Amino acid sequence: MKKWWLALVGILTYIIGVGLYFSNRIMYMKKKEDAFIQNREILAKRLIREDFDNLPKTEIWVSSPSGYALKCLFVEPHETNQWVVISHGVTENKVNSIKYMNIFLKRGFNAIIYDHRRHGDSGGKTSSYGHYEKLDLKAVIDELKRRKGRDLTIGIHGESMGAATLLLYAGMLEDGADFYIADCPFSTFEDQIHHQLKAEIPIPSWTVFPLGRMFIKLRDGYWTNEVSPIKYIKNIRSPVLFIHSEKDTFIPVSMTMELYAAKEGPKQLYIAKKGAHAQSYNENPQEYEAQIDQFLETCLKKRKETEGI
């Protein structure tokens with residue numbers, strides 16, 4: 001009998017240990033320090049502090065439907081109804097969004113940069129890789145429309161988790177923007193987890209993944225297979241520019257290729273030759289901006305034609 005009890009205790013210890021470790025890694029992925037992000041962007045000259053400080057901007061706190069506040073900056077150097085919202089990746093914050101914001105400011109857009117839940121100055125305890133973040137993105141878009149009216153041209157640019165978030169927002173909640181730019185998204189969260197487990201641990205992922213996903217459901221309220229942009233991509237009718245670095249080993253470029261193939265209607269694909277994960281712009285800035293110019297010219301021209309402008 002004692003052996004049975006010891007075996008049972010051992011099994012329970014394994015289940016709890018693996019479940020907690022796995023779910024903690026997902027829910028509380030170690031973030032980069034805010035000072036590190038800022039200094040990195042300044043040293044790379046992607047953030048010119050004086051230029052950013054001189055931009056006309058308003059600090060807005062947006063209420064998340066999940067019960068916390070989101071720190072947003074509405075940056076408005078132009079008299080225009082053209083806006084872009086920048087959605088950053090996991091472990092980053094809105095400072096990382098400034099380089100993308102600047103691309104659009106130069107092209108006559110105003111912009112919103114904001115901190116996702118659990119990042120920067122925003123509230124929220126966990127990262128959910130788009131599951132709850134998509135609801136927050138909708139809250140930011142709703143606030144923009146409430147403040148500036150509904151006669152707007154809206155684009156959303158997202159990087160990594162931020163790209164998955166915008167695809168989930170557009171495919172599951174509302175196709176509420178006029179265009180989307182998805183830079184290095186994953187196609188399904190579960191495939192991404194399996195990819196990372198294979199790279200990080202020397203044992204088969206099936207020995208830990210079922211326990212981990214169950215603990216995420218118990219602790220954070222969702223199943224990992226719900227976070228799956230590929231399932232909902234066909235619901236997106238507005239144009240999407242897909243971007244990925246060919247040499248990305250964190251999220252494989254094949255995931256963007258799958259999303260691009262599944263997207264119906266207007267779309268564009270740019271595979272950067274240089275750069276690791278989320279480095280397509282940093283390593284290929286001129287090509288990156290040229291792709292955006294081509295994309296904007298096409299999708300905004302079609303919008304004007306549709307509206308008879």
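Residues numbered from 1 in each chain as written. Predicted model: local features only at pLDDT ≥ 70, side-chain atom pairs only at ≥ 80, totals over all residues. Heavy atoms only, no water.

The protein chain is annotated in an unreviewed UniProt entry as Serine aminopeptidase S33 domain-containing protein of Peribacillus simplex.

Looking at the environment of Glu92
With respect to the helices and strands, the residue Glu92 is situated in the loop between β3 (82-87) and α4 (98-105). Overall, Glu92 belongs to the buried group, its relative accessible area being 8%. In the structure, Glu92 is positioned 60 residues away from Lys32 in sequence and 6.2 Å away in space, judged by C-alpha atoms. Those residues within four positions of Glu92 in sequence are excluded, and the remaining contacts are Lys32, Ile37, Arg40 and His119. Polar contacts involving the side chain of Glu92 include one to the side chain of Lys32, which spans 3.2 Å. (Helix = DSSP H or I, 4+ residues; strand = E, 2+ residues; numbered from the N terminus. Buried < 20%, exposed > 50% of the residue type's maximum accessible area, 1.4 Å probe, protein only. Contact = heavy atoms within 4.5 Å. Polar contact = N/O pair within 3.5 Å; in protein donor to acceptor, adjacent residues only side chain to side chain.)

Observations concerning the domain arrangement of the protein chain
Domain parsing of the protein chain yields domain 1 (1-30 + 190-222) and domain 2 (32-188 + 227-307). Here the C-alpha centroids of domain 1 and domain 2 sit 32 Å apart. On the domain 2 side, the residues contacting the 14 residues of domain 1 number 20 residues. Note on domain 1 versus domain 2: buried area summed over both sides is about 1,400 Å², and carbon and sulfur give 50% of it. Three residues stand out in domain 1 for area buried against domain 2, namely Met29, Gln192 and Tyr222, and they jointly supply 41% of the buried area on that side. Summed over the shared surface of domain 1 and domain 2, the number is zero salt bridges. Linking domain 1 with domain 2 are 12 residue pairs in polar contact (both at pLDDT 80 or more), by the criterion used here. Of all the secondary-structure elements, those providing two or more residues to the side of domain 1 that touches domain 2 are α1 (2-27) and α7 (189-200). Among the elements that line the side of domain 1 that touches domain 2, the one with the most residues is α7, at five residues. Its residues assigned to classes, the side of domain 1 that touches domain 2 comprises five nonpolar, four polar and five charged. (Domains from an automatic or database assignment. Buried area = accessible area lost by both parts, 1.4 Å probe. Salt bridge = Lys/Arg side-chain N within 4 Å of Asp/Glu carboxyl O. Nonpolar A, V, L, I, M, F, W, Y, C, P; charged D, E, K, R; others polar.)

Overview of the UniProt feature "domain: Serine aminopeptidase S33" (unreviewed entry) in the protein chain
Mapped onto the present numbering, the UniProt feature "domain: Serine aminopeptidase S33" (unreviewed entry) falls at residues 80-186. Its end C-alpha atoms 33 Å apart, residues 80-186 is made of 35% helix and 21% strand. (UniProt positions renumbered as here; feature names shortened; annotations may be inferred.)

Some remarks on helix α8 (residues 209-220)
Its 12 residues place the ends of α8 16 Å apart at the C-alpha level, agreeing with the 16 Å of an ideal helix rising 1.5 Å per residue. Those residues of α8 lying buried are Phe209, Leu211, Gly212, Arg213, Phe215, Ile216 and Asp220. After α8 finishes, the residue Gly221 shows a positive phi value of roughly 85°. (Expected span 1.5 Å × (residues − 1).)

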